[in-house]
Amino acid sequence: MTARTRPRLEIPGAAALLGELVPLAGNGGSAQLAATGERLATLAPQLDITEALRTARREGRGVAVAGAGEGPLLAVAVFPAQAPTPIHGHGGWGVAVLLTGRCDLTAFRIGPDGVASSLGVRRLHPGEATWWTRVYDVHRQSAVADEAVELVLLERNPDGAPRYEPPAVPASGGLLERFSAAYGAGDLDALAAVYAPDVLLDANVPVWRYQAAGRDAVLATLREELAEVTDRRATWWHITPSNAGGVVELETRNTYHGKPVLVRDAHLLAVGGEAVEQIVAHTMWCTGIWDADTVRQQARAAPMVLP
Ligand SMILES: [Fe+2]
């Protein structure tokens with residue numbers, strides 16, 4: 001076995017699971033992969049991955065638990081804390097469910113110069129699944145805070161997956177990332193630290209628009225909005241810096257009057273300030289609040305190309 005060959009350790013039930021999932025994934029269309037992800041999330045807890053996990057930790061890489069040759073295969077993958085993977089591809093589609101921890105999966109497109117551009121970050125919590133088509137195969141995974149463990153179904157098993165150059169770090173990226181984390185978590189203290197004292201909020205929401213001028217007024221408005229939700233967390237974001245600031249797109253999941261909801265919004269941020277860079281103008285566009293029925297209906301009627 002070379003250092004780049006994926007270890008194999010068959011575990012009871014894994015071959016049957018693989019046999020059920022591969023026909024569901026079909027030719028790797030996005031709707032098929034989304035359905036496969038739901039099934040994988042339902043069935044994954046039935047597997048006893050104890051031995052595979054031990055092997056994966058020891059070897060420092062994913063362990064195939066079912067599948068032969070070039071694939072498809074089912075694997076247990078471990079992402080240690082503070083150790084993002086390289087930006088890589090597997091040469092085919094994939095479906096993953098997170099078993100423990102939290103994990104960020106960043107999708108990339110590769111430019112002609114070989115440099116990767118982020119298409120967005122999806123944050124997985126235990127029991128949540130995601131997937132990628134052959135077109136959007138290039139990604140990076142990164143555990144959040146503690147080790148993350150995942151069960152992944154791969155169309156192919158390219159030992160020695162190709163790696164790509166990371167994107168150039170933008171000048172204002174730090175401020176945009178702080179805004180993204182603060183807004184995604186609904187953390188008003190952290191938002192106060194990134195807003196300029198004279199920040200202008202221009203909020204465009206479904207069939208309505210309002211503004212607030214000055215940091216205190218903006219925070220008071222947001223406090224009122226956030227008072228209606230609990231359990232807020234960001235599940236996807238995409239940050240696009242520009243010379244003047246940038247755009248932060250966000251998807252959050254919240255509990256709204258006791259029911260789970262999803263919200264997607266875009267934030268156009270103008271950055272200024274002399275000694276310290278701060279946000280001087282914040283224009284927001286929001287999809288409104290999607291209840292669980294709307295989320296299901298959207299997934300059925302308009303399956304995504306990139307989740
Ligand atoms: Fe991967």
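Refer to the structure printed above.
Numbering of residues begins from 1 in every chain and follows the order in which that chain's sequence is written. Owing to the predicted nature of the model, reporting of local features is limited to residues with pLDDT of at least 70; listing and counting of side-chain atom pairs is limited to 80 or more, with chain, interface and lining totals taken over all residues.

1. Here's the deal with the overall build of the protein
Secondary structure is summarised from DSSP: a helix means a run of H or I of at least four residues, a strand means a run of E of at least two, and numbering begins at the N terminus for each. The secondary structure content of the protein amounts to 7 helices and 16 strands. For the radius of gyration, the atom set is restricted to C-alpha positions; the globular benchmark scales as 2.2 Å times the number of residues to the power 0.38. Relative to its length of 307 residues, the protein is compact, with a C-alpha radius of gyration of 21 Å against a globular reference of 19 Å. Here the C-alpha coordinates of the protein stretch approximately 60 × 40 × 35 Å along the principal axes. Put simply, the protein has 307 residues, and 33% of those count as buried. Contacts in the protein between residues far apart in sequence, at least 24 positions, make up 70% of those at least 6 positions apart. Counts of 20 or more other C-beta atoms within 10 Å of a residue's own C-beta define buried residues, counts of 12 or fewer define exposed ones, and intermediate counts define partly exposed ones; C-beta atoms are placed from the backbone. Note on contacts: each residue gets a C-beta atom placed from the backbone, and two residues are in contact if those atoms are within 7 Å.

2. Re unusual backbone geometry
A negative phi angle characterises most non-glycine residues, just as the trans form characterises most peptide bonds. The omega torsion across G71 and P72 is 0°, close enough to zero to call that bond cis. Of note, P72 is situated in the loop between strand 1 (63-66) and strand 2 (73-79). The phi torsion at A145 lies on the positive side, around 70°, for a residue other than glycine. On the basis of neighbour counts, which here come to 9 C-beta atoms within 10 Å, the residue A145 falls in the exposed class. Unlike most non-glycine residues, H257 shows phi in positive territory, near 50°. Judged by the 9 C-beta atoms lying within 10 Å of it, H257 is exposed.

3. Quick notes on the sheet that holds strand 2
DSSP bridges decide pairing: two strands pair if at least two such bridges lie between them. In space, the 5 strands of this open sheet follow the order 1-2-9-4-7, with antiparallel pairing throughout. Since the sheet does not close on itself, it has two edges, and those belong to strand 1 and strand 7 (129-132), each with one partner. Taken pair by pair, the neighbouring strands of this sheet meet at an average axis angle of 25°, ignoring direction. As judged from the 4 bridges shared by strand 4 (residues 94-100) and strand 7, these two strands associate in the antiparallel manner. Pairing of V95 across the sheet is with W131, part of strand 7. The sheet strands contacting helix 1 (residues 14-25) are strand 1, strand 2, strand 4 and strand 9 (148-154), and the helix crosses strand 1 at an angle near 85°. Only C-alpha atoms enter the line fits that serve as axes; for helices the fit covers just the stretch in contact. Angles between N-to-C directions range over 0 to 180 degrees.

4. Examining the nonpolar core
One finds L40, V65, L74, A75, V76 and V97 to be the most contacted residues of the largest nonpolar core, which totals 47 residues. The element best represented in this core is strand 2, accounting for 7 residues. Once you skip the residues sitting within four places of it in the chain, A75 turns out to touch R6, G62, V63, A64, V65, V152 and L154. One finds F179, V199, V218 and W237 within the second-largest nonpolar core, a separate group that totals 20 residues. For the purposes of this analysis, a nonpolar core is taken to be any set of buried Ala, Val, Leu, Ile, Met, Phe, Trp, Tyr and Cys residues that are connected through C-beta atoms within 7 Å.

The analysis is restricted to geometry; functional conclusions fall outside its scope.
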